[in-house]
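# An overview of the molecular structure
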Amino acid sequence: MSNHTGVLYVVALPIGHGDDLSTRARSVLASVDMVYAEDTRQWQRSASHWGLATVASRSLHEHNETARAQEVCALVASGKSVALVSDAGTPLISDPGYRVVAHAQQLGLRVSPLPGACAAVAALSVSGIASDQFVFCGFAPSTGAARRRWLSERASWVSTQIYYEAPHRIVAMLDDIVGCHGAAREVTLCRELTKTYETVRRAEAAALREWVYNDTQQQRGEIVLVVAGASAQVAEAAQWQAIADDLAQQLPPSHSAKLVAKWFDVSKREVYQYLQR
Ligand code: SAM
């Protein structure tokens, strides 16, 4: 099907500061036959800034992505070069594009990245929180109960976690982080990165929550939270508690506690008390 000359470029755009567009990204965007943008009006504004206003563009957003995937791939298969961009940052990262890329790969088309800004990586790079192992978690569910369940599942993960959050939910999110990860968990709030009101603040979860709550300025703009991973102690406790819960479905508490205490570095009494609770 493919004549192998067409390329689907996945192009990262800046996350705030227009000058962060790479020279190569600009020249590829100037040369492609079509840009597929999440929001064409937003793209036109950015394109004018970079002198790219004449490049043809079409929309590709979460509501038309499946249909557009066929169209994009047909263009690439016919030898055209196409760029995929989102409003800001790297496409596919909490943004549309996954279906298009997956479809292009299935068809054996060439897909090439133009790397650049990504709010998650920018935040991690200035967070002061361990960066050797991290998990990008995107947006938490927006309602309280679902968000707390989502956070609880992550409370024992040892890797650093990166969350995107909307400004109007930031206080509620920090409340739930305190509740699920504990008041002392280290969190860095990264707000408006590369923009005028850029803010980076690292503190224990409860202190950060108070600071954000008392300063409404911090409840505005675009926000990433970088959350330290659980300590080895917390992670191990979560492990033995899960096993104790399972065993207690089948065995009496004292028997379950004895088995768990044998496998983990925890006393039979502590497990027993946990099961009683
Ligand atoms: N694709 C983008 C990327 O590569 O980061 C993310 C798009 S997602 C729809 C938008 C979210 O990214 C925002 O709600 C915020 O959490 C984060 N974000 C984007 N730009 C940011 C910035 N300049 N400062 C802090 N967070 C930002």
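For clarity, every value in this text was computed on a predicted model and none was experimentally measured. (Residues numbered from 1 in each chain as written. Predicted model: local features only at pLDDT ≥ 70, side-chain atom pairs only at ≥ 80, totals over all residues. Heavy atoms only, no water.)

Relative orientation of the contacting elements helix 6 (residues 144-154) and helix 7 (residues 170-181) amounts to 45 degrees, with a least axis distance of 9 Å. Here helix 6 is positioned oblique relative to helix 7, judged by the angle of their axes. In this structure, helix 6 meets helix 7 at a crossing whose hand is right-handed. Here helix 6 contributes G144, R147, R148, W150, L151, S152 and R154 to the contact with helix 7, which in turn contributes A172, M173, D176, I177, C180 and H181. The class makeup of the residues in the contact of helix 6 with helix 7 is 6 nonpolar, 3 polar and 4 charged. (Axes fitted to C-alpha atoms, helices over the stretch in contact; angles between N-to-C directions. Helix = DSSP H or I, 4+ residues; strand = E, 2+ residues; numbered from the N terminus. Parallel < 35°, antiparallel > 145°, perpendicular 65-115°, else oblique. Left-handed = near helix turned anticlockwise from the far one by under 90°. Contact = heavy atoms within 4.5 Å. Nonpolar A, V, L, I, M, F, W, Y, C, P; charged D, E, K, R; others polar.)

To continue, consider helix 5 (residues 119-127). Every α-helical turn comprises 3.6 residues, leaving residues that sit three or four positions apart pointing alike. The complete set of buried residues in helix 5 reads A119, A120, A123, L124 and S127. For helix 5, the arc enclosing every buried residue in end-on projection is 130 degrees, short of the 170-degree limit, so these residues lie on one face. If you follow the buried residues of helix 5, they end up packed against strand 6 (134-139), strand 7 (160-165), strand 8 (186-191), strand 9 (199-204) and strand 10 (223-227). After helix 5 finishes, the residue G128 shows a positive phi value of roughly 75 degrees. (Buried < 20%, exposed > 50% of the residue type's maximum accessible area, 1.4 Å probe, protein only. Arc of directions from axis to C-beta.)

This paragraph deals with the site of the ligand. Taken together, 19 residues surround the ligand, and among them T90, D95, A119, Y164 and I223 come closest. Contacts to the ligand include A88, whose backbone N or O atom sits 3.3 Å from a nitrogen atom. Here E192 contributes a backbone N or O atom positioned 3.5 Å from a nitrogen atom of the ligand. Alone, the ligand offers 580 Å² of accessible surface; in the complex the protein occludes 90% of this. Among the cavities detected, the one that contains the ligand is the largest pocket. Mapped by element, the contributors of at least two residues to the shell around the ligand are strand 7 and strand 10. The residues that make up the shell around the ligand include at least three from each of domain 1 (7-117) and domain 2 (120-227). (Near = heavy atom within 4 Å. Polar contact = N/O pair within 3.5 Å; in protein donor to acceptor, adjacent residues only side chain to side chain. Areas by Shrake-Rupley, 256 points an atom, 1.4 Å probe, with all protein chains shown as cover. 1 Å grid on protein atoms, 1.4 Å probe; cavity = no way out; pocket = protein on both sides within 12 Å on 5 of 7 lines; lining within 4 Å. Sits in = over half its atoms within 2 Å of the grid points. Domains from an automatic or database assignment.)

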